[in-house]
Amino acid sequence: IAVRKPLLGSALSGFLGQNRKILIDGKWVQAQNGQTFEVEDPATQEIIAHVPLGDKADIDLAVAAARRAFDSGPWSRMSPGERSRIVWKLGDLLEKYADEFAELEALDNGKPVTNARKGDVQGSIEMFRYMAGWATRLNGETIQVSSPGNWHAYTLREPVGVVGQIIPWNFPLMMAAWKLAPALASGCTIVLKPAEQTPLSALRFGELIQEAGIPDGVVNIVTGFGETAGAALAAHPDVDKVAFTGSTEVGKIIVRAAAGNLKRVSLELGGKSPAIVFPDADLDLAIAGTADAIFYNQGQCCTAGSRLFAHKSVYDKVVAGVAAAAGKLKIGHGLDPTVNLGPLVSKEQHDRVKGFLDSGRKEGAEVVTGGKIAGNQGYFVEPTVLAKTNRDMRVVREEIFGPVVCVQSFDDDSLEAVAKFANDTEYGLQASVWTRNLKTAHMMARKIKAGTICINTHNYGDPAWPFGGYKQSGWGREMGKEVMEHYTETKSVAARL
Ligand code: ADP
């Protein structure tokens, strides 16, 4: 593995060179306790920055600022058109600094810079532009009531208030954009807590918040750990809603913490998504697509196609094809534009994935390719294909969050039976179906219990396409018009005429 020394754009070097601070009420400040924590480049294990170790005291200040900005500040009362223009501007500013953000993500998370630019950063730009449109489209309705007499009944859509947003490390900037864009468009104020593994792009984005002219206190960004800063935010009595993306385990903790004041909760949690290849699939497309479904972002996607089902008649070809695709991936430092597979985000993830590889081998899975950690520096793992797996293996049941796919074959021709395999999981975030048959595709779309279904593609996403999970993959939908439900309250008004 060639771990290249990072080559950085000058703007980014300046950002890394400074002591980072957190954003509270429009000011960049240290944590109240004066402490910081280290941020690591997962490819070289070098320390690249120190950021404030925010905890409850900082969350309290940030929530108070967001509350003031909501109750008495201009944001929630600004005309929707003005808010729309400012949210749009965030997209423009991200575009202006796009290369810098892509490098920052590659350095902090480890992901290939080319993917960061085309996926994370571009996706974030488009999210702000799409959501800017919703600011001017949050209308209530007039309601035809059936009570006797003359009535004028209608609904108003109002911003939900102060929102706590807790985000993960797999798509640091994009997860911030998914959450900030709709909250801002609807007139909410925000306290954002980035993941401790990857706090840098959110802090850099805080500078764009100011450059865009968003009033002080509307967006507050506090770095810190989950059990302290995150927990304080989820439990805070003055927060009206918490939006969380992360593990199912922590999602359950968030729900319990939020119960104190019954704040609204939306959750995007884990997945163990099936990718199902039918015998009539375009096999070149299906092999390339199912390989990408698991290896993209080093397998650290909540939608990763980690359970690959191939019909018996194409099983050998699919296994060999995905293994060959794995062999072609260039592993290395994310900042190298020719690299396709970077390191995992952290030592913890590296140890976890290694544990799953050992467990798969012990439980009798056939290691077709990969199967080991890679290199002796950084958190690299070989892209791995485990064949002859079955429903009872830990590698099939649990979310690995690494570049490891478990392949199973099926020979049943009833769609009902195939859907049963696909649904044999506690998760339900995404599924992909690979076939040329329209009926198979759309019948499977109905039978699979998942929030998002992809036909002849996987890991699909678009700002207009509602995204979220069935079962233990979460509550609610982000993106599309559905997300606005999370960030607004409906108020019903009835007037006797
Ligand atoms: P992973 O296990 O993939 O690292 P987590 O679900 O632990 O993902 O983390 C996602 C986000 O949730 C991070 O911002 C993390 O700091 C935060 N978090 C972790 N534990 C808690 C907690 N107990 N309360 C609130 N937030 C938490």
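Residues numbered from 1 in each chain as written. Predicted model: local features only at pLDDT ≥ 70, side-chain atom pairs only at ≥ 80, totals over all residues. Heavy atoms only, no water.

A. Focus on helix 7 (residues 200-211). End to end, helix 7 covers 17 Å across twelve residues, agreeing with the expected 16 Å (1.5 Å per residue, within 8%). Within helix 7, nine of the twelve residues are buried, which leaves it mostly tucked inside the rest of the structure. Inspection of helix 7 places L200, S201, A202, L203, R204, F205, G206, L208 and I209 among the buried residues, and these make up the whole buried set. Just downstream of helix 7 lies G213, where phi reads positive at about 85°. (Helix = DSSP H or I, 4+ residues; strand = E, 2+ residues; numbered from the N terminus. Expected span 1.5 Å × (residues − 1). Buried < 20%, exposed > 50% of the residue type's maximum accessible area, 1.4 Å probe, protein only.)

B. Just the site of the ligand, in detail. As a matter of local geometry, the ligand sits amid 18 residues, with I167, W169, K193, E196 and S247 nearest to it. Residue W169 places a side-chain N or O atom 2.9 Å away from an oxygen atom belonging to the ligand. Contact with the protein chains covers 84% of the free accessible surface of the ligand, which is 550 Å². Here the ligand occupies the largest pocket. Looking at the shell around the ligand, the elements that each hand over two or more residues are helix 8 (226-235), strand 10 (241-245) and helix 9 (248-258). A per-class count over the shell around the ligand returns ten nonpolar, six polar and two charged. (Near = heavy atom within 4 Å. Polar contact = N/O pair within 3.5 Å; in protein donor to acceptor, adjacent residues only side chain to side chain. Areas by Shrake-Rupley, 256 points an atom, 1.4 Å probe, with all protein chains shown as cover. 1 Å grid on protein atoms, 1.4 Å probe; cavity = no way out; pocket = protein on both sides within 12 Å on 5 of 7 lines; lining within 4 Å. Sits in = over half its atoms within 2 Å of the grid points. Nonpolar A, V, L, I, M, F, W, Y, C, P; charged D, E, K, R; others polar.)

C. A look at the sheet that holds strand 5 (residues 142-143). Judged by pairing direction, the sheet is antiparallel, and its three strands sit side by side in the order 5-6-22 without closing on themselves. Whereas interior strands pair on both sides, the edge strands pair on one side only; in this sheet they are strand 5 and strand 22 (488-496). (Pairing = 2+ DSSP bridges.)

D. Up close: the environment of F244. Structurally, F244 is set in strand 10. Here the alpha-carbon distance between F244 and V255, two residues eleven residues apart in the chain, equals 9.7 Å. Setting aside residues up to four positions removed in sequence, F244 forms contacts with I166, K179, V250, G251, I254, S266, L267, E268 and L269. (Contact = heavy atoms within 4.5 Å.)

E. Layout of the sheet that holds strand 13 (residues 307-311). Strand order in this open sheet of seven strands is 14-17-18-13-12-19-20, and the pairing throughout is mixed. Whereas interior strands pair on both sides, the edge strands pair on one side only; in this sheet they are strand 14 (366-369) and strand 20 (452-455). Going from strand to strand, the sheet's axes swing by 25° on average, the running direction of each strand aside. Here three bridges tie strand 14 to strand 17 (residues 384-387), and the two strands are oriented antiparallel to one another. In the sheet register, T369 faces strand 17, and the bridge partner there is V385. Its contacts with the sheet put helix 15 (residues 438-447) on strand 12 (274-277), strand 19 (430-434) and strand 20, and the angle it makes with strand 20 is roughly 170°. (Axes fitted to C-alpha atoms, helices over the stretch in contact; angles between N-to-C directions.)

F. How the structure looks around unusual backbone geometry. The phi dihedral of N297 is positive, around 60°, even though this residue is not glycine. Looking at where N297 falls in the secondary structure, it is placed in the loop between helix 10 (283-295) and strand 13.

G. Representation of the nonpolar core. The biggest cluster of nonpolar side chains holds 107 residues, and the ones touching the most others in it are L184 and F205. Looking at this core, the element that brings in the most residues is helix 6 (residues 172-186), giving eleven residues. Those residues in contact with F205, other than ones at most four positions away along the chain, are L90, L94, F101, F128, L173 and L180. Listed in part, the 24 residues of the second largest apolar core include I59, F70, V191 and L267. (Core = buried A, V, L, I, M, F, W, Y, C linked by side-chain atoms within 4.5 Å.)

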